[in-house]
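Listed below, chain by chain, are the residues.
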Amino acid sequence: MSVNTELSEAWSLFDSGDPQGAMRALRAAADGLPSAELAPLAGRLAAAAGYDDLVEAAAALAGRPDGAAQLYDFGYACIERGVSQLAVPALRQALTVSLSRPPRRRLFGRGRPSPRQVLLELAVALEDGQRHAEAVTLLQEHDRLTADWPDRYLLVHNALMDGRLDLARQVFGSLGAPDEDWDEPADRIRRTLARATDATPADRQDLRGWHYTLTGGLLTTLSPYGFQAGMTGRWAYLRDSFESCRHGLDRLRAVLAATGRTPASVALLPDRGSHALGLAAARLLGLPAAPYRPGTPGALVVAYDLNNCDPELVAELFERAPDEILYEHATCWTDSPAVSADISTLLAQVAIAPWESGMAFTEDGEPKDDPADERSPEQLADAILADAAEPDEGDGETPADPEQALTAFAARVNGSWLTGSRDRIRSAGPVRSSSFG
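What you see is a predicted model; the values in this text were computed from it and never measured.

About the thresholds
Residues numbered from 1 in each chain as written. Predicted model: local features only at pLDDT ≥ 70, side-chain atom pairs only at ≥ 80, totals over all residues. Heavy atoms only, no water. Core = buried A, V, L, I, M, F, W, Y, C linked by side-chain atoms within 4.5 Å. Buried < 20%, exposed > 50% of the residue type's maximum accessible area, 1.4 Å probe, protein only. Contact = heavy atoms within 4.5 Å. Phe/Tyr/Trp six-rings, centres within 6.5 Å; stacked < 30°, edge-to-face > 60°. Helix = DSSP H or I, 4+ residues; strand = E, 2+ residues; numbered from the N terminus. Salt bridge = Lys/Arg side-chain N within 4 Å of Asp/Glu carboxyl O.

A.B. asks: When you look at the nonpolar core in this model, what are you seeing that I'm missing?
C.D. replies: Note that soluble globular proteins tend to have their nonpolar side chains buried in a common cluster. Core analysis: the largest hydrophobic core is formed by 77 residues, its most contacted members being Leu-26, Phe-74, Leu-86, Leu-91 and Phe-172. Sequence-distant contacts of Leu-91, defined by excluding residues within four places in its chain, comprise Leu-71, Tyr-72, Gly-75, Ile-79, Val-118, Glu-121, Leu-122 and Ala-125. One finds Val-266, Ile-343, Phe-409 and Val-413 within the second-largest nonpolar core, a separate group that totals 44 residues.

In structure tokens form, the structure reads like this:
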């Protein structure tokens, strides 16, 4: 399908009352079109959403398709409104224009953006789209325009997300001292590089190694399906089971033993799934359990899925209490939670908990509706502990992941584990996996 056909399809979807479908089609067409051609539809979509800044920027760009300021403003507004895919072509064009023309002031408003301003916004737009290799190439090509902070910091960050540890170390080592606004990002990079030294990720299929390097979390299982067919250890859609929850808790216990960590108690989060999993963890580990209280030393905080927990409560977990460990069973890798768990059982785009309603399959492979399990958290904890903890054998084409490999890895990285804040990492990093939607 040509980009013009995709743009026509986007208009058709918009006219038929499907703005979400129109935006998906517009994103798909963006890289192959002059931004002024997609600006009118972007403006209509923005108007429907109440994004007046993007409406104004789209109208200005339609009126002056080759204006550096108009291209920059449109790209900037797209980034602010979460559609960085539309920003990339506009900012690329703005960079070309700004490099080819001497700066001048607008008759009204601020002057034309400098090439450096445009370059940094373009790097941010690429980073938002997890196009880290492109961001690295862009920043290296225009190094003469850049300063240390934040410009070359962006190069270091995107190099890490692209798996280029040597480049990240080299550039970061050459940076001058940051001012206080950049102390925290600099500290995050230092901790990431320290974890990389411990984890020594082998290649772009080493999901456990890269997950630890980037997030500081220990991933205890790999999906046993479709490893070589695009999943690389992650799940796209998972209908979870009580057996999987029990297997995750057994691997949690193995990690604690391998690292010499001895929690004093289990902290129960209030949502039903996390409460049930926390009760099961407490019984399995022989620990007392109590409702979560921020700042409790030695607590093992247990969550089923942090994205389904109270956001205000999750925010309190950013800074850990002394010897506190945050365990999450199902971690979303396409919409990462606000804090990175210290231990995760699995990475999934969508995980349906075993007590939630959802689609299941008969022994003959026929789909069926699986109703919700309305039992109490105490009864769900009984069900988790009643099931055998044998791992799913999968499709037979995924590399073996025995418990000994996990515990050896956990012991190796123990020196840098549980240090610093629980930073949110929005990128999947250099290990790519297939997703939907």
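Structure shown, so let's carry the discussion forward.
A.B. asks: Where do I start with the packing of aromatic side chains in this structure?
C.D. replies: Two measures describe an aromatic ring pair: the distance that separates the ring centres and the angle between the ring planes. For the structure on display, the rule yields nine aromatic pairs. Ring centres of Tyr-153 and Trp-182 lie 5.5 Å apart, and the angle between their planes is 50°; this geometry places the pair in the tilted category. Highlighted residues: Tyr-153 in helix H9 (residues 148–161) and Trp-182 in the loop between helix H10 (165–174) and helix H11 (183–199), separated in sequence by 29 residues. Ring plane angle 85° and centroid distance 6.0 Å describe the contact between Tyr-212 and Phe-409, whose orientation is recorded as edge-to-face. Placement of Tyr-212 in helix H12 (residues 207–215) and of Phe-409 in helix H18 (residues 403–413) is noted, with a sequence separation of 197 residues between them. Here the two residues Tyr-212 and Phe-409 agree in accessibility, since each one is buried. Here a set of aromatic residues connected by ring pairs shows up, and it is made of Trp-149, Tyr-153 and Trp-182.

A.B. asks: Honestly, the pattern of salt bridges in this entry has me stumped. Any pointers?
C.D. replies: For side chains of opposite charge, pairing can occur when their charged atoms come near one another. Inspection of every chain in the model, using the stated rule, returns 21 salt bridges. The salt bridge partner of Asp-187 is Arg-191, with a shortest N-O separation of 3.0 Å. Here the residue Asp-187 and the residue Arg-191 both occupy positions in helix H11, the gap between them amounting to four residues, near one helical turn. By relative accessible area, Arg-191 is classed as buried at 10%. Close ionic contact of Arg-239 with Asp-370 constitutes a salt bridge, the shortest N to O distance being 3.2 Å. Taken together, the residues span a long stretch of sequence, with Arg-239 in strand S2 (residues 235–239) and Asp-370 in strand S9 (residues 367–370) at a distance of 131 residues. You can call Asp-370 partly exposed: its relative accessible area is 27%. Ionic contacts of the salt-bridge type, sharing partners, join the residues Asp-31, Arg-92, Arg-131 and Glu-134 into one network.

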